[in-house]
Structures are given as C-alpha cells and as structure tokens.
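Listed below, chain by chain, are the residues.
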Amino acid sequence: MKYRHRVLTLLATLAVLTYLDRVCISVAGPRIQNELHLGPQDWGLVTGAFAIAYALFEIPSGYLGDRFGARAMLARIVLWWSAFTTLTGFASNLWSLVVVRFLFGAGEAGAYPTASTSIFRWFPAAERGRAFGLVWLSSQLGGAIAPLLIVPIQMQFGWRASFYVFGIAGIAWAAAWWRWYRNRPEEKRGITDGELAEIGPPADSAPHSFPWLALAANTSVWAIMGAACAYLYSYYFFLFWLPTYMMRARGFTENETKLSALPFVLGAMANVAGGYVRDSAVRRWGTRWGPRIVSIFGLVMASVAAFAALLSVDKFAALAWLALCYGGMTFQQPTTWATCVDIGKRYSGAVAGCMNTAAALGGLLSAFVFGYLVQRTGSYDSVLLSMAGALILAACLWLRIDATEALERQSLGPASSHS
C-alpha cells in the first residue's frame, strides 16, 4: 500500500470516530431527554452549545493545522474531544450537559480543516476529490454503524455507557496517528521516490500569518461559506434530531430507530460517488464549472427529497425520502472540501476553517430554529419545509463559487514574504 493511502486510511478512521461521537448523542437523545426532563427547546440548547463552540474554534484550529502541521494538531483535537465524549456520560442536568457539549465542540473543531491540510500535502490535485470522498464515506459509515452499536449498548447498560466506550476509542486513534504520521511526505522514512514524484513537488512552507485580507477579498470564499451555512442547516437535522423525529413525529419504536442508519448508508455511497464524479467533472468541464454542476445537482435533489418527506404519509416512505435528502447533501460534500483546497492551497486549513465555521453557524441556527418550530407548531412539517428552502439557497450560491479563484500569494500582504 502506498504511504499516501495509509494516510487516507488513518483519516478515514478519524472520520468514523467523529461521527460515532456526534451521532451517539443523537441516538441517545430520546433517553437523555426523558431522564433529564428536557423539552424540545432545551434539546436545541444542547445541540446549539456544540455548534457555537464548533463555530468559534474552527478558523483558529484550521490555521494552526496549516501552521504547525496535522500531526500535532489532530492528536490534540482527538484527545480533547475524547475526554469530553467520556464526560458527556457524567452529565446530570441540562446545564452540565450544555457545558460538556460546548467543550466537546471546541475540541472537535478543526478536525476536518486540519485533515484538509494533510490531504493538500499528501495528495496530487487530481486525486483530492476521491480522497475527500473516501474520508466522508467513512464519516457516513460511522453514522450508519452508530445506531447499530449504540442502541444495544443503551438498552443493555444505559445511555451513559456508550459515551465511555467511544471516548476510549479516540485515545487509541490519537496514539496511532502520533506514532506513524508525518506532516510532509518527504519527512516520512521509507516512502519511495516514485511515490514522491506522483504526489508532486513539496508544498510551500507553512504560513506565519493568517490571510485575513486575501480571504475577505475573495468572493468565492464568501459564497462557499454561505452555501455551507445553508446546507448544514439541514444536515444537522440528521446528526441531532432524526431519532427523536422518528419516534415522536412518525411513531417508530426505539428498536426501529436502528433504521436511522439508512441515511448514513446512502450518504456513504453518495460521498464516494460524489468524489469520483467531482474529479471527472473537473476533467470534462474544467475547475470552474465542474464543481458547480456537481454541487448544484446534489443540493437540488436534496431539497426535492426533503419536501417529498414532508408530504409522505407512510413513515417508511418518509424515512426513505429523508435518506435521499441526506444523500444529495453528501454527494456534493467532497466537492465543497476539494474546492476549499483548490482556493486555499497552502492555506487550505484556513479556508476550510472559514467554510466550516459558516457551516457550524448554520447548524447553530438549526438547533434553535428546529426546537422553536417544534415547540410552537407541535409538528416537524415546518422544519422539513425550512430545510428544503435552505438547500435551494445553497444551490444558488454555488453559481458564485469559482474554484480557480485561488488566494494569490501577492495579495496576502508583507507577512507572506516570511513564509
């Protein structure tokens, strides 16, 4: 196996763990709400605490990945979030849960932007779409297997035990990553000259300052931030609300919430397909229009599926439409991240951090809006309608995104001369 494929294996395992930890609280949601006596708006506060912290720490964590390398930063990120995953199992009331989830979000922030830095340095441009596709495939597999693992654990040992198990798994990953990974391919002992030639010349040196002016002047960065905010508004429904929706709005039993794995299974396949289609679309239509076509297709499909779920009478049909909605969003996900790398280059972590900060703000908005809408209307119909609208907005914003609009070295100011 080539060394960059080993890097991808480690990043894919990381993605599995991130979604096991995120979806764990979603699957545990009904039990936690019952035991701690939390209403819909209280649950919105819990999920919002994660989103606030995630948004606050994305940009600095992404920049630190660019500056100091993925080896140290990802080890720190995973150890931090594993500690607070474990502590989630000790929460005894609303506010202790809110504080722990805030600190969990602060720890997990920067995981994917820092992974973007690693992919930029270890993969040639022609392979980045499929690399991101396989990373996000793994994240969906984490989401898919989470209910299958968590529901039996919770039914046998209670909801708290599942958080203890996944906290330990993260610590094991961090140790393996620190021992094997190196920030640049040329630093890794044993890599062949042939593979170094395939990867391409060494990336530019790490930046010493954050490219605020270049980012502010880049319209594509602002547009991709807006699109990410809009589609993550809908995406967070699947991370934090789906099992609760299934039981309280559609009449699924707790055992049947294992079927909440379905969107993640479809999402995994869509991630892989989306990564390969992105690379193919770039070859066929170029770096400007290829990513646009892929992303717009996925987002429009997701919007139509969300609206169809709203209209469905049968609970299983509604779940199938929601799975297609999730698949549409995940189909365009590798393109979003690959575009951040295309725009950012050696500032990939910074650009991805900006994008994911906006995405977290979309998740934060959904946390409070979803809770308010359910509390106010007593149903989830308005939630699904708002999701369909947000996805159309994201599709429209992709018409303003140009992956060829890279941050120019000369536009970064005097500080760039020290890089």
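Owing to the predicted nature of the structure, the values given are computational and were not obtained by experimental measurement.

Draft legend 1. View of the nonpolar core. If you look at the biggest cluster of nonpolar residues, it comprises 133 residues, and the most contacted ones within it are Ile-32, Phe-237 and Phe-238. The element best represented in this core is helix α1 (residues 3-36), accounting for 17 residues. When residues no more than four places from it in sequence are discounted, the contact partners of Phe-238 are Ser-26, Pro-263, Phe-264, Leu-322, Cys-325, Tyr-326, Met-329 and Met-387.

Draft legend 2. Here's a closer look at the pattern of salt bridges. Under the defined criterion, the tally for this structure stands at ten salt bridges. With a shortest N-O distance of 2.9 Å, Glu-35 and Arg-160 are connected by a salt bridge. Of this pair, Glu-35 sits in helix α1 while Arg-160 sits in helix α7 (residues 159-180); the two residues are 125 residues apart in sequence, bridging distant segments of the chain. By relative accessible area, Arg-160 is classed as partly exposed at 23%.

Draft legend 3. Representation of the environment of Ala-359. Summarising the element assignment, Ala-359 is placed in helix α14 (residues 348-377). Apart from the residues within four sequence positions on either side, Ala-359 is in contact with Ala-228, Cys-229 and Leu-232.

Draft legend 4. Region of interest: a nonpolar patch on the surface. Together, Ile-52, Leu-56, Phe-57 and Phe-368 make up a nonpolar patch on the protein surface, roughly 340 Å² of accessible area in all. Of all the elements, helix α2 (residues 40-68) adds the most residues to the nonpolar patch, at three residues. Tracing the backbone shows Phe-57 in helix α2. Given a relative accessible area of 33%, Phe-57 falls into the partly exposed group.

Draft legend 5. Fine view of the packing of aromatic side chains. Using the criterion set out here, one finds 26 aromatic pairs in the structure. Each ring, one from Phe-237 and one from Tyr-245, has its centre 5.5 Å from the other, and the planes form 65°; the classification is edge-to-face. On the accessibility criterion, Phe-237 (1% relative accessible area) is buried. Centre to centre, the rings of Trp-241 and Phe-370 are 6.1 Å apart; their planes meet at 80°, and the pair counts as edge-to-face. Note that Trp-241 is positioned in the loop between α10 (219-240) and α11 (242-248) and Phe-370 in helix α14, a separation of 129 residues in sequence.

Draft legend 6. Highlighting unusual backbone geometry. With phi around 60°, His-37 is a residue other than glycine that occupies positive phi space. In this structure, His-37 sits in the loop between α1 and α2.

Draft legend 7. Geometry of the packing of α14 against helix α15 (residues 381-397). Close contact between α14 and α15 brings their axes to 8 Å; oriented N to C, the two are set at 145°. Contacts between α14 and α15 involve Phe-370, Leu-373, Val-374 and Thr-377 from the first element and Ser-382, Val-383, Ser-386 and Met-387 from the second. For the contact of α14 with α15, the residue count by class is five nonpolar, three polar and no charged.

Draft legend 8. Spatial organisation of the packing of α1 against helix α3 (residues 70-88). For the pair α1 and α3, interaxial distance at closest approach is 11 Å and the crossing angle is 25°. What the angle tells us is that α1 and α3 run roughly parallel. Where α1 crosses over α3, the handedness of that crossing is left-handed. Together, Leu-11, Leu-14, Leu-17, Thr-18 and Asp-21 of α1 and Leu-74, Val-78, Trp-81 and Thr-85 of α3 make up the contact between the two elements. Per-class residue counts for the contact of α1 with α3 are six nonpolar, two polar and one charged.

Draft legend 9. Representation of α1 within the structure. In this model α1 runs 47 Å from its N-terminal to its C-terminal C-alpha over 34 residues, within 8% of the 50 Å that 1.5 Å per residue would give. Of all the bends found along α1, the most pronounced is centred on Gly-29 and spans about 60°, while Pro-30, a proline, follows it within four residues. Of all 34 residues that make up α1, 26 are buried, and the element is covered over most of its length.

Draft legend 10. Expanded view of α7. If you check α7, its first and last C-alpha atoms are 34 Å apart, about what 22 residues at 1.5 Å a residue would give, namely 32 Å. If you check which residues of α7 are buried, you get Trp-159, Ala-161, Ser-162, Phe-163, Phe-166, Gly-167, Gly-170, Trp-173, Ala-174 and Trp-177. Contact partners of the buried residues in α7: α1, α3, α4 (94-108), α5 (111-122) and α6 (128-157).

Draft legend 11. Seen up close, the confidence of the model for the protein. When the pLDDT values of the protein are averaged, the result is 86; 95% of them are 70 or greater. Between residues 409-419, whose pLDDT stays under 50, and residues either more than four places distant or in other chains, the model counts 17 contacts.

What counts, and where the lines are drawn
Residues numbered from 1 in each chain as written. Predicted model: local features only at pLDDT ≥ 70, side-chain atom pairs only at ≥ 80, totals over all residues. Heavy atoms only, no water. Core = buried A, V, L, I, M, F, W, Y, C linked by side-chain atoms within 4.5 Å. Buried < 20%, exposed > 50% of the residue type's maximum accessible area, 1.4 Å probe, protein only. Helix = DSSP H or I, 4+ residues; strand = E, 2+ residues; numbered from the N terminus. Contact = heavy atoms within 4.5 Å. Salt bridge = Lys/Arg side-chain N within 4 Å of Asp/Glu carboxyl O. Patch = residues over 30% accessible without salt bridge, like charges linked within 9 Å, V, L, I, M, F, W, Y side chains within 5 Å. Areas by Shrake-Rupley, 256 points an atom, 1.4 Å probe, with all protein chains shown as cover. Phe/Tyr/Trp six-rings, centres within 6.5 Å; stacked < 30°, edge-to-face > 60°. Axes fitted to C-alpha atoms, helices over the stretch in contact; angles between N-to-C directions. Nonpolar A, V, L, I, M, F, W, Y, C, P; charged D, E, K, R; others polar. Parallel < 35°, antiparallel > 145°, perpendicular 65-115°, else oblique. Left-handed = near helix turned anticlockwise from the far one by under 90°. Expected span 1.5 Å × (residues − 1). Bend = angle between axes of the 7 residues up to and from the residue. pLDDT = per-residue confidence, 0-100.

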